[in-house]
Amino acid sequence: MENRPDLKVCGAKTKDGTPCQKLPCATRTRCRLHGGASPKGIGHPNFKHGYYSDSITGVLLRAQVKEARRIDRFMLKQGARWDEDKQRWTFLPPTG
């Protein structure tokens, strides 16, 4: 491969210690021999929930959890309780 600074290369360390000069897979930084073709995200066999993912799915999931916790705190301050059977918030009848 000729030296062209505008082309990105894999750069992974080969067995002889030199950087790999193959082109990376599309949208990746490594060639297919060095993990560029490995599945990412939900396609990966070890995928669990994606909460700590840096993808947009992880960002949205964290925002959704944060909003649900905010609503829970608000409802508890208002005197509501979570009804496990009905899976919803209910207010206790006023006493007195």
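Since the structure is predicted, the reported quantities are computational estimates derived from the model, not experimental observations. (Residues numbered from 1 in each chain as written. Predicted model: local features only at pLDDT ≥ 70, side-chain atom pairs only at ≥ 80, totals over all residues. Heavy atoms only, no water.)

Caption draft 1: Inspection of the side chain of Asp-83 at higher detail. Mapped onto the elements, Asp-83 comes out in strand S1 (residues 80-83). Among buried charged residues, Asp-83 stands out as having no salt bridge; its nearest opposite-charge side chain is Lys-86, 4.5 Å away. Polar side-chain contacts of Asp-83 include one of 3.1 Å to the backbone nitrogen of Asp-85. Ignoring anything within four residues of it in the chain, the contact list for Asp-83 reads Arg-88 and Thr-90. (Helix = DSSP H or I, 4+ residues; strand = E, 2+ residues; numbered from the N terminus. Buried < 20%, exposed > 50% of the residue type's maximum accessible area, 1.4 Å probe, protein only. Lys, Arg positive; Asp, Glu negative; His and termini not counted. Salt bridge = Lys/Arg side-chain N within 4 Å of Asp/Glu carboxyl O. Polar contact = N/O pair within 3.5 Å; in protein donor to acceptor, adjacent residues only side chain to side chain. Contact = heavy atoms within 4.5 Å.)

Caption draft 2: Region of interest: the pattern of salt bridges. For the coordinates displayed, the defined rule picks out 1 salt bridge. Between Arg-70 and Glu-67 there is a salt bridge; the shortest N-O distance is 2.7 Å. Within this pair, Arg-70 and its partner Glu-67 are both found in helix H1 (residues 56-77), separated by 3 residues, close to a single helical turn. The class for Glu-67 is partly exposed, based on a relative accessible area of 37%.

Caption draft 3: Broad picture of a positive patch on the surface. A grouping of Lys-66, Arg-69, Arg-73 and Lys-77 is seen on the molecular surface, where their side chains present a positively charged patch. Tracing the sequence through the fold places Lys-77 in helix H1. (Patch = residues over 30% accessible without salt bridge, like charges linked within 9 Å, V, L, I, M, F, W, Y side chains within 5 Å. Areas by Shrake-Rupley, 256 points an atom, 1.4 Å probe, with all protein chains shown as cover. Charge placed at Lys NZ, Arg CZ, Asp CG, Glu CD.)

Caption draft 4: Structural context of the pairing of S1. Taken together, the 4 bridges between S1 and strand S2 (residues 88-91) define a ladder with antiparallel strand orientation. Residue pairing in the sheet places Ala-80 in a bridge with Phe-91 of S2. Count of turn residues in the S1/S2 antiparallel hairpin: 4 residues, of which Gln-87 carries a positive phi of about 55°. (Pairing = 2+ DSSP bridges.)

Caption draft 5: Layout of the environment of Arg-28. Relative to the elements of secondary structure, Arg-28 occurs in the segment before H1. Residue contacts for Arg-28: discarding those within four places in its chain leaves Gly-35, Gly-36, Ala-37, Ser-38 and Lys-40. A distance of 2.9 Å separates a polar side-chain atom of Arg-28 from the backbone oxygen of Gly-36.

Caption draft 6: Geometry of H1. Look at H1: 32 Å from first C-alpha to last across 22 residues, which is about the 32 Å you get at 1.5 Å a residue. One or two positions beyond H1, positive phi appears at Gly-79, with a value near 95°. (Expected span 1.5 Å × (residues − 1).)

Caption draft 7: A nonpolar patch on the surface, seen in detail. There is a patch of nonpolar side chains on the surface, built from Ile-56, Val-59 and Leu-60 and spanning about 290 Å² of accessible area. With respect to the helices and strands, the residue Leu-60 is situated in helix H1.

Caption draft 8: Highlighting the state of the cysteines. Taken as a whole and judged by the stated rule, the model has 0 disulfides. The thiol of Cys-25 is not disulfide-bonded; the next cysteine sulfur, from Cys-31, is found 6.9 Å away. Cys-10 supplies the cysteine sulfur nearest to Cys-31, a cysteine that is in no disulfide, at a spacing of 3.7 Å. A relative accessible area of 2% means that Cys-31 is categorised as buried. (Disulfide = S-S within 2.5 Å.)

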